[in-house]
Amino acid sequence: CPLERYKVMIALLKLLLVLLSACWYVDSFILRGLSAQSRFVSEEGRGGLIGGSKKKEGWNMDGSSMMSSNDNADSSSSSSCSSSSDGKFHFSIDRGGTFTDVYCLLPSKKDAVLKLLSVDPGNYSDAPTEGIRRILSEHDVDGTTSYPRNVPVCTKNIGSIRMGTTVATNALLERNGAKMALLITKGFRDLLEIGNQSRESIFDLSIASPSLLYERVVEIDERVMLSTFCDGSREGDDGGKEDGEGMAAAGIGPLSIGITGEEIMTLRQPNLSRIQSVLEELLDDGITSLSVVLMHSYSFPTHEESIGKLAESMGFSEVSLSSAVMPMVKMVSRGHTACAAAYLTPSIKQYLESFKRGFDDNLTRSGIRLDFMKSDGGLTPVDDFGGHQAILSGPAGGVIGYAKTSYHVKHEDESSTNDNNNNNNNDLQIV
């Protein structure tokens, strides 16, 4: 019916307008979240304030005439932070899929904001690097340092860089991660595909499952158990000796102490010679990333660690051990997290290396902090930033920005004014 088609088209157009408005709205909050997150000073002195009010002006698609400085920045709030008085430039960046937003706290305690396209190969190779270069060129007016294009940016006046990025998010959604394989305890090859049946409509007969991140599955013949479940009083025909496959007869095997302090009995050791031959086949097929998920590695990671060392010595670029990524009891959640790390970390590493190459000394000069926002809203040093931590790196900044800009603690003078006006006298007020 033409009328029905017309109604559907109108509904779709309305939905598109809502989504575009939401994206633009959240985009501004992401940048605020990165700067707001920077206000916290950790016990190690890693914190620093990147704050002050900001004022956005007109934005051009080519990034020109987009910087603005706030002449009325709140110097009293900035002066309470160690990083605001060190004479350095402190950057907070949201690197999105379409636009990159750069916020900078200047040495003068004013702030500058810049917005540019995330991908514009005709003008620059990396948007965050170009944003930093433009702000330094505009505001670093000491006359002793220049910041030309296509030259690694001088870092002597940079104090810190904090960034939230959607690189991992886009790689996951578009399935552009690394080619990877899953190594899992024998008998559980389909465990991650089956999952735990958690879904919105448990009785829906049409189950739409997302595609798997791994391309191949290798079953590892290994098994351990808690010694408390075997008293060791039984002996097999071979007197308790291990058979040719390494299986302890009658439930008797070597004992070790797990990371929980419990006594672990090894029933079957992984055969590294067989595993090596299988890994060679994976390398020949172009698979360079591995996720190792063994059943009880949360308590006894030795088997995973031995396989990981073997894989790294063979040239695999990324080996994610579930015992290192997320040492939790539940194997499904641990396995999915390890797979995400193996699938996305190569993309993150590739971007980080290209980003650091845009600066002199590859940003290795001491004194420059390079932190990235994790999915939980915390900041982590660049060397500890993995793919599984970066899935919601960009959106997490939006949540923090929303929280920081939606609430404020009322001062005493505000409370008295509100009392006189018969307004709400709560200690916390929604803006």
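Keep in mind that this is a model prediction, so the values were computed, not measured.

1. Looking at the overall build of the protein
- Per the secondary structure count, the protein includes 11 helices and 16 strands.
- Element-wise, carbon and sulfur atoms account for 53% of the exposed surface of the protein, whose accessible area totals about 22,800 Å².

2. What to know about the layout of surface pockets
- In this structure, the largest pocket occupies an estimated 670 Å³ of space.
- Every residue lining the largest pocket is counted, 25 residues in all, and those nearest its centre are Leu192, Glu193, Gly195, Pro210 and His336.
- Residue assignment for the lining of the largest pocket shows that the elements contributing at least two residues are helix H5 (191-194) and helix H9 (331-356).
- When residues of the lining of the largest pocket are assigned to their parent elements, the largest contribution, six residues, is made by H9.
- Counted by class, the lining of the largest pocket contains 13 nonpolar, nine polar and three charged residues.

3. A look at the sheet that holds strand S9 (residues 255-257)
- Spatial ordering of the open sheet is given by S8-S10-S9, a layout of three strands whose pairing is antiparallel. Because the sheet does not close on itself, it has two edges, and the strands there are strand S8 (223-226) and S9. Each adjacent strand pair in this sheet contributes to an overall mean axis angle of 35°, direction not counted.
- Examined bridge by bridge, S9 and strand S10 (residues 263-268) share three bridges and lie antiparallel to one another. When the bridges of S10 are listed, Leu255 appears paired with Met265.

4. Here's the deal with the nonpolar core
- The biggest cluster of nonpolar side chains holds 52 residues, and the ones touching the most others in it are Phe91, Ile132, Leu136, Ile158, Ile161, Phe355 and Phe359.
- Per-element accounting of this core gives the leading share, 11 residues, to H9.
- Apart from the residues within four sequence positions on either side, Phe355 is in contact with Asp126, Pro128, Thr129, Ile132, Ile161, Met163, Leu363 and Leu370.
- If you look at the next biggest cluster of nonpolar residues, it comprises 18 residues, including Ala181, Ile220, Ile287 and Val319.

5. A closer look at the packing of helix H6 (residues 272-284) against helix H7 (residues 302-314)
- Interhelical geometry of H6 versus H7 gives an angle of 45° and a closest axis separation of 10 Å. As summarised for this structure, H6 and H7 are arranged oblique, according to the angle between their axes. Once H6 is placed against H7, the crossing between them reads as right-handed. Counted together, Leu272, Ile275, Gln276, Leu279, Glu280 and Leu283 of H6 and Ser306, Ile307, Leu310, Ala311 and Met314 of H7 form the full contact between these two elements.
- Along the lines of polarity and charge, the residues of the contact of H6 with H7 split into eight nonpolar, two polar and one charged.

6. Some points on unusual backbone geometry
- With a phi close to 60°, Asn150 is a non-glycine residue in the positive phi region.
- Relative to the helices and strands, Asn150 is located in the loop between helix H3 (127-139) and strand S5 (158-165).
- Using a relative accessible area of 81% as the deciding quantity, one classes Asn150 as exposed.
- For Arg175, which is not a glycine, the phi torsion comes out positive at approximately 55°.
- Structurally, the position occupied by Arg175 is in the loop between helix H4 (167-173) and strand S6 (180-185).

7. A look at the pattern of salt bridges
- Taken as a whole, this structure holds 12 salt bridges when the rule is applied.
- Taking the shortest distance from any N to any O, the salt bridge between Arg149 and Glu130 comes out at 3.6 Å. A residue pair is termed long-range when its members are at least 10 positions apart, and Arg149 in the loop between H3 and S5 and Glu130 in helix H3 qualify at 19 residues.
- Assessed through its relative accessible area of 6%, Glu130 is described here as buried.
- In this structure, the salt-bridge partner of Glu318 is Lys349, at a minimum N-O distance of 3.0 Å. Here Lys349 lies in helix H9 and Glu318 lies in strand S12 (residues 318-321), a separation of 31 residues in the sequence.
- Using a relative accessible area of 10% as the deciding quantity, one classes Glu318 as buried.
- Three or more residues are tied together by salt bridges with common partners; here these are Glu130, Arg133, Arg134 and Arg149.

8. A word on the environment of Arg162
- Examined against the element boundaries, Arg162 turns out to sit in strand S5.
- On the accessibility criterion, Arg162 (2% relative accessible area) is buried.
- Residues Arg162 and Thr380, 218 residues apart in the sequence, show an inter-C-alpha distance of 9.3 Å.
- Of the polar contacts made by the side chain of Arg162, one reaches the side chain of Ser160; its length is 3.5 Å.

9. Focus: the confidence of the model for the protein
- With 70% of its residues at a pLDDT of 70 or more, the protein has an overall mean of 77.
- Summarising per-element confidence for the protein, the mean pLDDT is lowest in strand S16 (residues 428-430) (32) and highest in strand S11 (residues 289-293) (97).
- Segment residues 38-83: pLDDT under 50, and 103 contacts once partners within four positions in sequence are set aside and those in other chains are kept.

10. What about the sheet that holds S6?
- Here we have four strands laid out as an open sheet, ordered S7-S6-S11-S12, and parallel in their pairing. The open sheet has two edge strands with one neighbour each: strand S7 (216-220) and S12. Averaged over all pairs of adjacent strands, the angle between strand axes in this sheet comes to 20°, irrespective of strand direction.
- Strand direction decides the pairing type here: S6 and S7, joined by five bridges, are parallel. Bridge pairing in S7 places Leu183 opposite Val218.
- Set on the sheet, H9 makes contact with S6, S11 and S12; between it and S11 the angle comes to about 160°.

11. A closer look at the side chain of Thr345
- Within the fold, Thr345 resides in helix H9.
- In this structure Thr345 comes out as buried when scored by relative accessible area, which is 6%.
- Excluding residues that lie within four positions of it along the chain, Thr345 makes contacts with Glu318, Ala340, Gly386 and Gly387.

The rules we used
Residues numbered from 1 in each chain as written. Predicted model: local features only at pLDDT ≥ 70, side-chain atom pairs only at ≥ 80, totals over all residues. Heavy atoms only, no water. Helix = DSSP H or I, 4+ residues; strand = E, 2+ residues; numbered from the N terminus. Areas by Shrake-Rupley, 256 points an atom, 1.4 Å probe, with all protein chains shown as cover. 1 Å grid on protein atoms, 1.4 Å probe; cavity = no way out; pocket = protein on both sides within 12 Å on 5 of 7 lines; lining within 4 Å. Points joined across faces, edges and corners; volume = space filled by probe spheres on them. Nonpolar A, V, L, I, M, F, W, Y, C, P; charged D, E, K, R; others polar. Pairing = 2+ DSSP bridges. Axes fitted to C-alpha atoms, helices over the stretch in contact; angles between N-to-C directions. Core = buried A, V, L, I, M, F, W, Y, C linked by side-chain atoms within 4.5 Å. Buried < 20%, exposed > 50% of the residue type's maximum accessible area, 1.4 Å probe, protein only. Contact = heavy atoms within 4.5 Å. Parallel < 35°, antiparallel > 145°, perpendicular 65-115°, else oblique. Left-handed = near helix turned anticlockwise from the far one by under 90°. Salt bridge = Lys/Arg side-chain N within 4 Å of Asp/Glu carboxyl O. Polar contact = N/O pair within 3.5 Å; in protein donor to acceptor, adjacent residues only side chain to side chain. pLDDT = per-residue confidence, 0-100.

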